[in-house]
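Chain residues, written in single-letter form:
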Amino acid sequence: EKFFGFADEVSTWQMDHGKMAEHFAFLHYQRYVSDRIEKGGWHRDGDCGGSTDAELPNTVVDFKCPATMKEWLAYLHDGIDKSQEDQLQMYCYLTSKPYGEIAAYLTETQKMTDNGITYPVKDEQRMIRIKIEASPEWQAKLVERVPIVIAMRDEFIEQLNQYFK
């Protein structure tokens, strides 16, 4: 992306559903959890950056809007995976907030809505929240590894420069 100034647009209907539902997840959070929530935004610290979905004074919130009830319930049974924990840790690092939270919101797909189908879950119960604490150890590893990753990126860009002269 950096070299060509171009990124492939890769999307599935599940990803589109998740993007569409984030607004409703925000409204749900605001209504049932905390009216102090604010829209997130872009944060950068040196070579690290990321865009948060929402923020509270001491917590960064990332909305997940799975396309099936099974995927939504997995947050209740299985929690979050390593990549989601790393995402929250990065957001905690970038925002200097002590907590990160995944807020998994259940909402009907467009096909369900078109066919009059609704999930048998009360509105106020449609969000599963998983909170983590920022890890100073994780952040120290990040700071240690960023220069290595940037060097690898720069080496790859040099290879692209040689190939696409």
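One can find the structure itself at the top, above this paragraph.
Residues numbered from 1 in each chain as written. Predicted model: local features only at pLDDT ≥ 70, side-chain atom pairs only at ≥ 80, totals over all residues. Heavy atoms only, no water.

1. Observations regarding the packing of helix α3 (residues 82–95) against helix α5 (residues 136–163)
Now for step 1: At their nearest, the axes of α3 and α5 sit 10 Å apart, and the two run at 80° to each other. Overall, the two elements α3 and α5 adopt an arrangement that is roughly perpendicular. Taken together, the residues of α5 that come into contact with α3 (itself represented by Asp86, Gln89, Met90, Cys92 and Tyr93) are Trp138, Gln139, Leu142 and Val143.
Now for step 2: A breakdown of the residues in the contact of α3 with α5 according to their chemical character gives six nonpolar, two polar and one charged. (Axes fitted to C-alpha atoms, helices over the stretch in contact; angles between N-to-C directions. Helix = DSSP H or I, 4+ residues; strand = E, 2+ residues; numbered from the N terminus. Parallel < 35°, antiparallel > 145°, perpendicular 65-115°, else oblique. Contact = heavy atoms within 4.5 Å. Nonpolar A, V, L, I, M, F, W, Y, C, P; charged D, E, K, R; others polar.)

2. Here's the deal with the environment of Lys82
Now for step 1: Relative to the helices and strands, Lys82 resides in helix α3.
Now for step 2: The sequence separation of Lys82 and Phe164 amounts to 82 residues, and the corresponding C-alpha distance is 36 Å.

3. Digging into helix α1 (residues 13–32)
Now for step 1: Across its 20 residues, α1 extends 28 Å between first and last C-alpha, which sits within 8% of the 28 Å expected from 1.5 Å per residue.
Now for step 2: Of all the bends in α1, the largest measures some 35° and sits at Glu22.
Now for step 3: Looking at the buried side of α1, the elements it contacts are β1 (38–39), β4 (54–56), β5 (59–64), β6 (99–105) and β7 (127–133). (Expected span 1.5 Å × (residues − 1). Bend = angle between axes of the 7 residues up to and from the residue.)

4. Some thoughts on the sheet that holds β4
Now for step 1: What the five strands build is an open sheet, ordered β1-β4-β5-β6-β7; its pairing is mixed. In the strand order of this sheet, the two ends are held by β1 and β7, each with one partner.
Now for step 2: Two elements, β6 and β7, share seven bridges in a ladder whose sense is antiparallel. Bridged to Tyr105 within β7 is Met127.
Now for step 3: The sheet contacts of helix α2 (residues 69–78) involve β5, β6 and β7, and relative to β7 the element is tilted by about 40°.
Now for step 4: Strands β4, β5, β6 and β7 of the sheet are contacted by α3, whose axis makes an angle of about 145° with β5. (Pairing = 2+ DSSP bridges.)

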